[in-house]
Amino acid sequence: MYEGVVQDLIDELGRFPGVGPKSAQRIAFHLLNSDPADINRLREVLGKVAEGVTFCEVCGTVAEQQRCRICRDERRDATLVCVVEEPKDVLAVERTGEFKGRYHVLGGALDPLSGIGPDQLRMRELLARIGTDEITEVILATDPNTEGEATATYLVRMLRDFPGLTVTRLASGLPMGGDLEFADELTLGRALSGRRAL
Amino acid sequence: MSLYRDTGIVVRVQKLGEADRIITLITRKFGKVRAVAKGVRRTGSRFGARLEPFGHVDVQFYTGRTLDVITQVQTVDAFGSPIVADYQRYTVASAILETADRLCAEEGEPVLRLYLLVIGALRALAGGERDAALVLDAFLLRAMAFAGWEPAIVECARCASPGPHPAFNVAAGGAVCARCRPAGSVNPGAEVLILLDALMVGDWARAEHSSYPVRRQASGLIAAHLQWHLERGLRSLPLVERRLREQAGVPEAEQHAEPHAELDGPATQR
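Residues numbered from 1 in each chain as written. Chains lettered and ligands numbered in written order. Predicted model: local features only at pLDDT ≥ 70, side-chain atom pairs only at ≥ 80, totals over all residues. Heavy atoms only, no water.

Engineer: I tried to follow the sheet that holds strand 2 (residues 20-27) of chain B on my own but got confused; where do I start?
Structural biologist: In a beta sheet, neighbouring strands pair by backbone hydrogen bonds and run either parallel or antiparallel. The strand order around the closed barrel built from five strands is 1-2-3-5-4 (chain B), with neighbouring strands paired in mixed fashion. This sheet shows a mean twist of 45° between the axes of neighbouring strands, independent of strand direction. (Pairing = 2+ DSSP bridges. Helix = DSSP H or I, 4+ residues; strand = E, 2+ residues; numbered from the N terminus. Axes fitted to C-alpha atoms, helices over the stretch in contact; angles between N-to-C directions.)

Written out as structure tokens, the structure is:
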């Protein structure tokens, strides 16, 4: 145990995900040896995060203003909405450079084992958007795991009766660079059912 | 024992570090096992989707210092896909897994009967031939019997006088006769107790001919009985989607023909 504020710093750093006591100690001593200007910059950023980060009132991703950069951008296709679980998924889709529509962040996936049902996610907000905006296609980009698939199933059931709305799901299948014999049954089954003519 | 192998049902997954997961399985020989699946969250993982909840898998473990490590996985039954394709089945299957996880408190203690019950229930759900809510209620009743909390249905829970009895009291342990009836007992009606008995012994023809209001009452009693004994409520049970009315068309009993090994025989045989 260190004395005073150094131990407090190690304890606080140790609360971060993936940071154990040894890593916390290493980061703490790195900070102690850092240039005071670097520490001030970090302090300013943390202060801004504590005060300034809000969630976009339209799509629910992290934003600095009431509306995020993507929802404010008039050049984006407002008829296309990509539904994702977390704000970090917005970045993942953006990195592809393929998608020019807008997003809707649910804030998680349906997971009864963790007590997360439809009321805990931003599903009502999605329905309200579809009811008022000019959306013609909803792309379900929830994670390709059990919870994400169940969330997509639930959303399809809710959205299929909207007139003139197309609901699509991200394709899933075999990763590039892999061997077929190592593919699991679920993924291989998906790849077979989603095959396309060449 | 550095390497060992068993079949099991994946009941829970928790994130660990950047790309790993802690997988909780209920296995045939070793009961509940918690083990680390390294790199399973990466898209190129060799485990792929095999270690997702509801998966019935053949697993090889390496004995670790704190948690064992999963080294190989092969799918035995892929229950996940058909269950996840229907939201009601998904919520029901989640409640089944959570119940099994809670009832199996000790790691490494064999729970063969519970393991077979879970597989039977998931197989019935994946097949989609039976009403998912009935499958859940049948599972919960039998799982409680496994845990030693079987509710008295055909005899009085206090004096064991033969029934049928009109009252039901969760704290007393099930149906109670007029003489033993404690304050706060409910009067569920004869049809509800008949349904409970049918679910317990695996008489699906009788269970499927019950009306939806009767099923709803029976589900309420079963949930109350379970939560009384578990002391802490199940997270997934309030999220289970139950149909509020009968669907138009063919009665359910006419749609089902194939029996399910684990859920069809009398409960006393297991």
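Past the structure itself, the notes keep going.
Engineer: What am I meant to see in the packing of aromatic side chains here?
Structural biologist: To describe a pair of aromatic rings, you give the distance between the ring centres and the angle between the ring planes. Taken as a whole, this structure holds seven aromatic pairs over all chains when the rule is applied. A ring pair is formed by A:Phe99 and A:Tyr103, whose centres lie 5.2 Å apart and whose planes are at 65°; its orientation type is edge-to-face. Each member of the pair A:Phe99 and A:Tyr103 is classed as buried. A centroid spacing of 4.8 Å and a plane angle of 20° characterise the contact between B:Tyr4 and B:Phe61, whose relative ring orientation is stacked. A residue pair is termed long-range when its members are at least 10 positions apart, and B:Tyr4 in strand 1 (residues 3-16) and B:Phe61 in strand 4 (residues 55-62) qualify at 57 residues. Here the two residues B:Tyr4 and B:Phe61 agree in accessibility, since each one is buried. (Phe/Tyr/Trp six-rings, centres within 6.5 Å; stacked < 30°, edge-to-face > 60°. Buried < 20%, exposed > 50% of the residue type's maximum accessible area, 1.4 Å probe, protein only.)

Engineer: What should I look at first to understand the sheet that holds strand 6 (residues 166-169) of chain A in this one?
Structural biologist: All names here are of chain A. Read from one edge to the other, the open sheet built from four strands follows the order 4-3-5-6, with strand pairing classed as parallel. Either end of the sheet is taken by a strand with one partner, and the two such strands are strand 4 (101-105) and strand 6. Averaged over all pairs of adjacent strands, the angle between strand axes in this sheet comes to 25°, irrespective of strand direction. By the bridge criterion, four bridges tie strand 5 (residues 137-140) to strand 6 in an arrangement that is parallel. Across the sheet, Ile 139 pairs through a bridge with Thr 168, a residue of strand 6. The strands touched by helix 5 (residues 87-96) are strand 3 (77-84) and strand 4; relative to strand 4, the strand with the most contacts, the crossing angle is about 155°. In the packing of helix 7 (residues 146-159) onto the sheet, the strands contacted are strand 3, strand 5 and strand 6, and the crossing angle to strand 6 comes to about 170°. (Contact = heavy atoms within 4.5 Å.)

Engineer: Looking at this structure, I do not really get the layout of surface pockets. What am I missing?
Structural biologist: The gaps of empty space that remain are located by a probe, the size of a water molecule, rolled over the atoms. Roughly 620 Å³ of volume is contained in the second largest pocket. Contributions of two or more residues to the lining of the second largest pocket are made by helix 7 and helix 8 (185-193) of chain A together with strand 4, strand 5 (68-78), helix 1 (80-84) and helix 2 (87-103) of chain B. With six residues, the single largest contributor to the lining of the second largest pocket is helix 7 of chain A. Residue composition of the lining of the second largest pocket, grouped by class: twelve nonpolar, nine polar and 14 charged. (1 Å grid on protein atoms, 1.4 Å probe; cavity = no way out; pocket = protein on both sides within 12 Å on 5 of 7 lines; lining within 4 Å. Points joined across faces, edges and corners; volume = space filled by probe spheres on them. Nonpolar A, V, L, I, M, F, W, Y, C, P; charged D, E, K, R; others polar.)

Engineer: Would you explain the pattern of salt bridges in this entry?
Structural biologist: For side chains bearing opposite charge, pairing can occur when the charged atoms are close. Residues and elements named next belong to chain A. Per the counting criterion, the structure on display carries 19 salt bridges over all chains. Across the pair Arg 76 and Glu 94 runs a salt bridge, and its minimum N-O distance is 2.7 Å. Separated by 18 residues along the polypeptide, Arg 76 in the loop between helix 4 (69-72) and strand 3 and Glu 94 in helix 5 bring together distant segments of the chain. Here the residues in one salt-bridge network are Glu 149, Arg 169 and Arg 190, joined through shared partners. (Salt bridge = Lys/Arg side-chain N within 4 Å of Asp/Glu carboxyl O.)

Engineer: Help me out: how do you make sense of the UniProt feature "domain: Toprim" (unreviewed entry) in chain A in this one?
Structural biologist: The feature "domain: Toprim" (unreviewed entry), as given by UniProt, occupies residues 79-175 of chain A in the numbering adopted here. Structurally, residues 79-175 of chain A comprises 35% helix and 20% strand, and the distance from its first C-alpha atom to its last is 30 Å. (UniProt positions renumbered as here; feature names shortened; annotations may be inferred.)

Engineer: Would you take a moment to explain the confidence of the model for chain B for this structure?
Structural biologist: It should be kept in mind that the predicted coordinates are not to be read in detail where pLDDT is low. Residue and element names in this part refer to chain B. For chain B, the average pLDDT comes to 84, and 89% of its residues sit at 70 or higher. Note that pLDDT drops below 50 for residues 247-270; the model gives that stretch 49 contacts with residues more than four away or on any other chain. If you check the scores for this complex, the pTM reads 0.84 and the ipTM reads 0.80. (pLDDT = per-residue confidence, 0-100.)

Engineer: Can you walk me through the UniProt feature "zinc finger region: C4-type" (unreviewed entry) in chain A in this structure?
Structural biologist: Here, UniProt's "zinc finger region: C4-type" (unreviewed entry) annotation points to residues 56-71 of chain A. Annotation note: span residues 56-71 of chain A, helix share 19%, strand share 12%, distance between end C-alpha atoms 8 Å.

Engineer: What's the story with empty space enclosed by the protein in this structure? I'm lost.
Structural biologist: All names here are of chain B. By the definition in use, this model includes two cavities of 30 Å³ or more. Taken as a whole, the second largest cavity encloses approximately 30 Å³ of empty space. In terms of lining, the second largest cavity is formed by Leu 141, Pro 151, Phe 168, Leu 196, Leu 221, Ile 222 and His 225. Counting residues per element, the lining of the second largest cavity draws most heavily on helix 7 (residues 212-230), which supplies three residues. Of the residues belonging to the lining of the second largest cavity, the class tally is six nonpolar, one polar and no charged.

Engineer: Explain the interface of chain B and chain A to me, please; I cannot follow it from the model alone.
Structural biologist: By a widespread convention, an interface's size corresponds to the accessible area lost as its parts come together. On the chain A side, the residues contacting the 28 residues of chain B number 24 residues. Between chain B and chain A, roughly 2,100 Å² of surface is buried when both sides are summed, and carbon and sulfur atoms account for 59% of that area. On the surface where chain B and chain A come into contact, there are one salt bridge. Salt-bridge contacts for B:Glu241 lead to A:Arg157; the nearest nitrogen and oxygen are separated by 2.5 Å. Joining chain B to chain A, the criterion identifies seven residue pairs in polar contact (both at pLDDT 80 or more). Elements with a minimum of two residues in the side of chain B that touches chain A: strand 1, strand 5, helix 1 and helix 2 of chain B. At six residues, helix 2 of chain B tops the list of elements feeding residues into the side of chain B that touches chain A. (Buried area = accessible area lost by both parts, 1.4 Å probe. Polar contact = N/O pair within 3.5 Å; in protein donor to acceptor, adjacent residues only side chain to side chain.)

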